Amino acid sequence: MAGKKHYHKLISVLAVFLAATVFVFSNVCAFDVNENSSERKQIAKENKEYEKELALTEKEIAEKEKYSLELQKKIGALSDKIKKSNEKIKTLNSEIQEKQKQLDDRMAAIEDRLDLLRQRLRAIYTAGDVSALEVILQAKDFSDFIDKMELVQSMASYDDNLIKGLKEEMKGIGAQQVQLRKNKQKIEDEKDSLVKNKEKINQLSQENQAIIEELNSKKQDTESAIEENEKRQAELEAALRAYNKEMAEKARIQRELQKKREEERRKRLEEARKNNANNNNNNNNNNNNNNTGTDNTEEEFDDEEPFIDTTGDFVWPCPGHTYLTSTFDEWRGANNHGALDIADGDIYGAAVVACYYGTVIYADNFCPHDYGKSSSCGCGGGYGRFVMIDHGDGKVSIYGHLSDVVVESGQEVLPGQLIGYVGSTGYSTGPHLHFEMQYNGVRYDPLEEYS
């Protein structure tokens, strides 16, 4: 009965550790690694597109701003030209005013001269309309005649030349004034053209500025979207870190459980050896006692973990469960199944052991989808929670769809050593053990090792 006592002691130890893992396991089950990974990939993809869009927007903004600077330079140049045109027009206005003043002065001079002529004519008329000839004939002598005749001629010639000179001068000033007005009109036309061009460029500048504002708004929206995605990405990564931390804690607890199990198993093995030795001694004295002792040994180890096999032969990976629901050569559409599926009505949670000596090269214990499904959840490449053991000489064994894994990568295992429990994780339609053997990377029928 010593084996039973150790068994109950082991149950007590397990209960303590299982109670410690309830909270962790409940949180882990609520976390979906695939969903987390899928969302992070989608966010990364979106951000990549946003970054491209942002780069294009920034490039377009830079081009529009460059164009805006060019327009502003043109507007500045046109403003300078308009300013110079205004200065020219102002100068021409001053020159035109000056010429007008000169014309006015000449007109005033002509008017003064005409007033003198009118006064003489009025005097002559008042004197009785004496002609120049009569004035000359009234000379007292020849000398006086000559003097009078020269005086009349001189006065007439002077008046005539003066008036002609004033008229010519007025004509020249008038021509200059006309030219000045033409120059002014030309400059005013040029100014009008400059103003119109400036208005057009101003319009282009305003439209370009509106585009820049729209692009800046688009840039801000894109940056906000990237920021929101990065925030969500950080939340997902934090959740994943928390999940990994929880899983690490669970794995630690499982390792402690496994350590306790191994200790208990070694104790039971040692006691079994002692009991067998005692039974062998009793056999020499009484065959009936020997039979009774054998039955007790079997009873003590009912429902316990399988013992490690040290005979050097391959061990069946799921002790007590041998029914095959799928064989190695079962045809599945495009190829053979390539493994054994071991299952029966009460296989869920059954112990899975190493089939031979080896080193664990992969132990994946992170699939939360432990239930039957019609398609793969993607965990473990379809294996779900699984263990891969390297047996040397090119041989590798794989144990898939486990509900729990109790070994870790790098661990040395013996034939019959517990490595996990049967489940339905990964691409599994129901609880079963996927048992696969490979030689140099090529699958072969595991039953060859048991023939």
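Student: I tried to follow the overall build of the protein on my own but got confused; where do I start?
Tutor: Each helix and strand in the protein was counted, giving 5 helices and 12 strands. Counting over 451 residues, the protein shows a buried share of 34%. In the protein, 75% of the contacts between residues at least 6 apart in sequence involve partners at least 24 apart. Carbon and sulfur atoms form 51% of the exposed surface of the protein, whose accessible area is close to 27200 Å².

Student: Help me understand the side chain of Q438 in this model?
Tutor: Turning to its location among the elements, Q438 is positioned in strand β11 (residues 433–439). Here the side chain of Q438 touches E436 through a polar contact of 2.8 Å, side chain to side chain.

Student: Even after reading the chapter, I still don't get the side chain of H321, so can you show me in this structure?
Tutor: Structurally, H321 is set in the loop between α5 (287–300) and β1 (324–326). Residue H321 is classed as buried on the basis of its relative accessible area, which comes to 11%.

Student: Quick question: what am I supposed to make of the nonpolar core here?
Tutor: In globular proteins that are soluble, nonpolar side chains generally tend to be buried together. By size, the foremost hydrophobic cluster in this structure holds 25 residues, and its most contacted members are C318, V387, I389, Y399, I419 and L433. Listing elements by their share of this core, those giving two or more residues are β4 (340–342), β6 (358–364), β7 (385–392), β8 (395–405), β10 (418–422) and β11. In contact with C318, not counting residues within four places along its chain, are I342, I347, A350, A351, V422 and L433. L71, L78, L194 and I201 belong to the second largest nonpolar core, which has 6 residues in total.

Student: Looking at this structure, how should I read the confidence of the model for the protein?
Tutor: Close inspection of predicted coordinates is inappropriate for parts of the model with low pLDDT. Residues with a pLDDT of 70 or more make up 70% of the protein, whose mean pLDDT is 78. Counted against residues more than four places away or in other chains, residues 1–29, with its pLDDT under 50, gives 38 contacts. Taken together, the stretch residues 287–310 has pLDDT below 50 and engages in 39 contacts with residues farther than four places along the chain or on a different chain.

Student: Which parts of the structure should I look at to understand the state of the cysteines?
Tutor: Cysteine pairs can be covalently joined through their sulfur atoms, and such a bond is termed a disulfide. On inspection of all chains with the given rule, the structure shows 0 disulfides. Its sulfur unpaired, C379 is 3.3 Å from the next cysteine sulfur, which belongs to C367. For C379, a relative accessible area of 6% gives the class buried.

Analysis parameters
- Residues numbered from 1 in each chain as written.
- Predicted model: local features only at pLDDT ≥ 70, side-chain atom pairs only at ≥ 80, totals over all residues.
- Heavy atoms only, no water.
- Helix = DSSP H or I, 4+ residues; strand = E, 2+ residues; numbered from the N terminus.
- Buried < 20%, exposed > 50% of the residue type's maximum accessible area, 1.4 Å probe, protein only.
- Contact = heavy atoms within 4.5 Å.
- Areas by Shrake-Rupley, 256 points an atom, 1.4 Å probe, with all protein chains shown as cover.
- Polar contact = N/O pair within 3.5 Å; in protein donor to acceptor, adjacent residues only side chain to side chain.
- Core = buried A, V, L, I, M, F, W, Y, C linked by side-chain atoms within 4.5 Å.
- pLDDT = per-residue confidence, 0-100.
- Disulfide = S-S within 2.5 Å.

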